[in-house]
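Next come the chains, spelled out residue by residue.
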Amino acid sequence: MGRVAGLVLAAASLASFHVSPALAAEGYSLDASEPFHGLEGIPRGLTVDQANQDLYVAIFSINPLLGIPGQIDRFGSDLTTHEAFVEGGGYYTGVVGNPLTHDFYGLQVEIRTTFGNFGTSRIDRFSPAGVAAGSFAVAYPHALPPIATDSTGRIFYPNNEAHSVQVFSAAGVLLEEITCGGCPGGALGVPVSVALDASDNLYVADLKPDRALKLTPSGGGGSYVYATTLQSGQRAAAVAVDPASGDVFVGDLPGEHDYHIVAYNSAGTEFDDFGLGLFPDPILDLGAAGAYQIAVNGTTHELFVGHIDKFVVFERTAIDPPSVATEVTTDVTQIGATLHASINPNGHAVLECKLEYVDDDEFQLNGFTNATSSSCPELHDDYTIAAISQAVSGLAPGTTYHLRAAATTHAGSQISSPDTFETLPPVAPTVVTQTPEDIGGANATLRGSVDPRGGGVSDCHFDFGTSESYGTSVPCAALPGPVVGDVAVGASVSGLPHDTVHHYRLVVTSNAGTGSGDDVAFSTLGLPPPEPAPAPGPGEEPAAAPPPATPPAMSRPLPRCRKGFRRRRVKGRLRCVKICRRGLRRKRAGRRTICVRRGHARSHRHHRRRGGR
């Protein structure tokens with residue numbers, strides 16, 4: 001199955017949390033005695049002479065920056081002796097032995113650059129002592145492929161330019177081109193690595209469309225047909241087979257920093273996943289085409305994997321399940337918390353990791369049987385203790401919860417000791433209305449602060465209007481989270497009347513209740529004065545001044561009246577009018593107003609004697 005996003009559980013369930021040492025699984029771990037072996041250059045291809053268990057390493061380049069080609073090195077079966085089997089002459093990317101003649105073949109490639117081409121695309125043949133015994137040309141490969149041989153000594157060369165695996169005789173005659181036209185998902189796309197088992201089954205790492213395939217020989221003609229797909233979608237970039245057990249190893253490179261090795265038994269069932277975090281980026285910025293190749297010793301079952309300037313040794317051994325522990329829960333609120341745990345994968349891929357929590361009432365009845373589960377983030381290192389943090393929500397206020405962490409690898413499952421934490425009690429938010437900002441003639445920014453007291457805020461708004469009855473509301477620009485501590489909130493309002501007193505308050509509702517701030521008043525600004533007319537340019541007439549605006553009638557000063565007169569509205573305007581005693585009425589006499597008896601006229605002389613004017 002392999003390492004996939006989400007850490008899907010492959011085989012074992014967390015129902016069995018502990019693995020007995022007697023039932024411990026076997027897998028691959030770094031050889032503690034000698035995990036690294038330094039090289040003078042970049043290793044590319046590796047092969048084991050299964051007869052004497054010597055290891056051969058194809059060095060691509062001694063120094064690629066200086067254009068110095070590589071060589072083929074040989075290590076003794078105990079890896080203590082080291083010599084140059086073939087020195088100089090080419091950029092080697094693959095090496096393999098002929099099981100019948102014990103000759104060796106080295107694949108070297110042509111390097112094409114803007115400064116010119118270097119080396120030659122060909123396969124060189126060497127005697128068991130490393131003496132050159134001829135060569136034959138092969139097509140230029142865009143990638144840096146290794147090569148393999150079957151039980152008859154035929155050479156298998158992944159030609160990614162021709163989208164096929166080419167089969168050559170020991171003399172260099174092209175015998176066949178395997179394209180896998182009947183493969184599900186289409187024929188071969190970019191084959192970059194090949195391997196054969198003791199039954200001459202062919203395994204191909206096909207970079208596009210991201211799969212590792214098994215092909216079987218068909219009839220006596222040597223052709224191959226599709227058998228099964230070991231994996232897909234994981235950017236298979238290297239493949240090797242243990243000739244004794246039939247176990248298959250696929251080097252995957254799903255990301256630039258994610259090279260790891262997935263192990264399958266002869267039936268195609270995955271039994272280990274390891275190496276993540278151990279290998280740096282692929283060499284020479286070639287991506288998966290430059291990924292590290294693998295060789296297997298069929299006697300010791302040791303695994304040899306290339307590196308930047310060394311190779312790494314893995315041994316077949318009993319492997320340990322992960323170590324898991326819970327840590328102190330943080331950011332506890334009324335309705336949520338951040339759960340923490342630490343996980344030591346012990347060198348193997350974590351297939352499933354989760355944090356489980358349950359409230360105390362349910363825990364007392366059923367333990368963790370009905371617990372809520374939260375998946376851990378994906379891990380990116382099999383050899384480092386990982387700190388896991390996961391925020392959870394939807395908890396009940398004022399409640400005790402029980403927590404545990406669990407993880408599964410191919411070595412088994414483990415669960416941590418349980419821990420507890422308690423959510424905050426349900427308390428309504430504390431709300432403060434603050435002085436507004438950016439006050440204009442028709443707009444303002446309303447301000448306030450709220451302490452949710454760890455509750456989940458469902459509503460936050462400002463009530464506003466021209467009185468403390470308000471009548472209008474506007475939502476806060478953002479809802480505060482379920483935190484403990486003051487959070488600033490605000491909202492912008494516009495379309496307000498000028499030169500007017502306004503009132504507003506902040507109102508916040510959480511799961512624990514509603515809190516309101518005190519009323520705050522402010523006044524919008526008056527209308528701005530009219531802008532002056534622009535000055536006339538040279539030769540232009542000054543703009544005509546607008547006629548003076550007539551002030552409204554109510555804005556004129558009220559008249560002051562002499563004794564015996566009072567203000568009255570006459571034809572819409574306030575005037576001073578004569579006050580007449582009871583029984584008299586006002587009458588206009590020329591430019592004067594006089595008082596006369598109702599029902600008949602009076603003379604001016606009589607009127608003056610009585611004090612009239």
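Each chain carries its own residue numbering, running from 1 in the written order of its sequence. In view of the model being predicted, local features appear only for residues whose pLDDT reaches at least 70, and side-chain atom pairs are presented and counted only at 80 or more, with totals across whole chains, interfaces and linings using the full set of residues. Side-chain measures here rest on the full set of heavy atoms in the structure, leaving out hydrogens and waters.

Draft legend 1. Structural detail: the pairing of strand E25 (residues 303-306). When a residue's accessible area, from a 1.4 Å probe over protein chains only, is under 20% of the maximum for its type it is buried; when over 50% it is exposed; and in between it is partly exposed. Per the convention used, a helix needs a DSSP run of H or I reaching at least four residues, while a strand needs a run of E reaching at least two, with both numbered from the N terminus. Here E25 shows no split at all, with Leu303 and Val305 on one side and Phe304 and Gly306 on the other all buried. A pair of strands is considered paired only if DSSP assigns at least 2 bridges between the two. Taken together, strand E24 (residues 294-296) and the strand that follows it, E25, pair antiparallel across an intervening segment of six residues, in which His301 is found at a positive phi of about 60 degrees. Sheet topology note: the E25/strand E26 (residues 310-318) ladder contains four bridges and is antiparallel. Directly across from Leu303, in E26, lies its bridge partner Phe314. What sits between E25 and E26 in their antiparallel hairpin is a turn of three residues.

Draft legend 2. Quick look at the sheet that holds strand E14 (residues 164-168). Pairing is antiparallel in the open sheet, where four strands are placed in the order E12-E13-E14-E15. Each having just a single partner strand, strand E12 (148-149) and strand E15 (174-178) make up the two edges of the open sheet. Strand direction decides the pairing type here: E12 and strand E13 (residues 155-159), joined by two bridges, are antiparallel. In the sheet register, Thr149 faces E13, and the bridge partner there is Ile155.

Draft legend 3. Here's a closer look at unusual backbone geometry. Of the consecutive residues Lys208 and Pro209, the connecting peptide bond is found in the cis state with omega at 20 degrees. Mapped onto the secondary structure, Pro209 falls in the loop between strand E17 (202-206) and strand E18 (211-218). At Gln53, a position not held by glycine, the phi torsion is positive, near 70 degrees. One can find Gln53 in the loop between strand E3 (42-48) and strand E4 (55-63). According to the relative accessible area criterion, Gln53 is partly exposed, its value standing at 22%. Of note in the backbone geometry, Asn346 takes a positive phi value of approximately 60 degrees without being a glycine.

Draft legend 4. Representation of the packing of aromatic side chains within the structure. Two rings belonging to Phe, Tyr or Trp (six-membered ring only in the last case) form a pair when the distance between their centres is within 6.5 Å. Interplanar angles under 30 degrees mark stacking, angles over 60 mark edge-to-face geometry, and anything in between is tilted. Within the structure shown, the criterion is met by 20 aromatic pairs. On the basis of an interplanar angle of 20 degrees and a centroid distance of 5.7 Å, the ring pair of Tyr28 and Phe274 is categorised as stacked. Here the residue Tyr28 occupies a position in strand E1 (residues 26-30), and Phe274 occupies one in strand E23 (residues 270-274), the gap between them amounting to 246 residues. With respect to burial, Tyr28 and Phe274 carry one shared label: buried. Ring geometry for Tyr259 versus Tyr292: centroids 5.5 Å apart, planes at 90 degrees, classification edge-to-face. In this pair, Tyr259 is assigned in the loop between strand E21 (248-252) and strand E22 (260-264) and Tyr292 in the loop between E23 and E24, connecting sequence segments 33 residues apart. Across this residue pair, the class does not change: Tyr259 and Tyr292 are buried. Ring pairing ties together the aromatic residues Tyr28, Phe249, Phe274 and Phe314, which thus form one cluster.

Draft legend 5. Looking closely at the state of the cysteines. Any two cysteine sulfur atoms within 2.5 Å of one another count as a disulfide. For the structure shown, the criterion picks out three disulfides. A sulfur-sulfur distance of 1.4 Å marks the disulfide that ties Cys180 to Cys183. Taking the torsion about the S-S bond as the criterion, the Cys180 to Cys183 disulfide, at about 55 degrees, is right-handed. For the residue pair Cys180 and Cys183, the accessibility class agrees, reading buried in each case. The disulfide that involves Cys460 links it to Cys476, with 2.0 Å between the sulfurs. Torsion about the S-S bond of the Cys460 and Cys476 cystine: about -70 degrees, corresponding to left-handed handedness. In this pair, Cys460 is assigned in strand E37 (residues 457-465) and Cys476 in the loop between strand E38 (472-475) and strand E39 (487-493), connecting sequence segments 16 residues apart. Its relative accessible area of 4% is what places Cys460 among the buried residues.

Draft legend 6. Inspection of the pattern of salt bridges at higher detail. Basic side-chain nitrogens of Lys or Arg form a salt bridge, by our definition, when they fall within 4 Å of a carboxyl oxygen of Asp or Glu. According to the stated counting rule, one finds 12 salt bridges in the structure shown. A salt bridge links Glu83 to Arg74; the shortest N-O distance between them is 2.7 Å. Judged by its relative accessible area of 40%, Glu83 falls in the partly exposed class. With its nearest N and O atoms 2.9 Å apart, the salt bridge here joins Arg154 to Asp150. The two residues Arg154 and Asp150 agree in class, both being buried.

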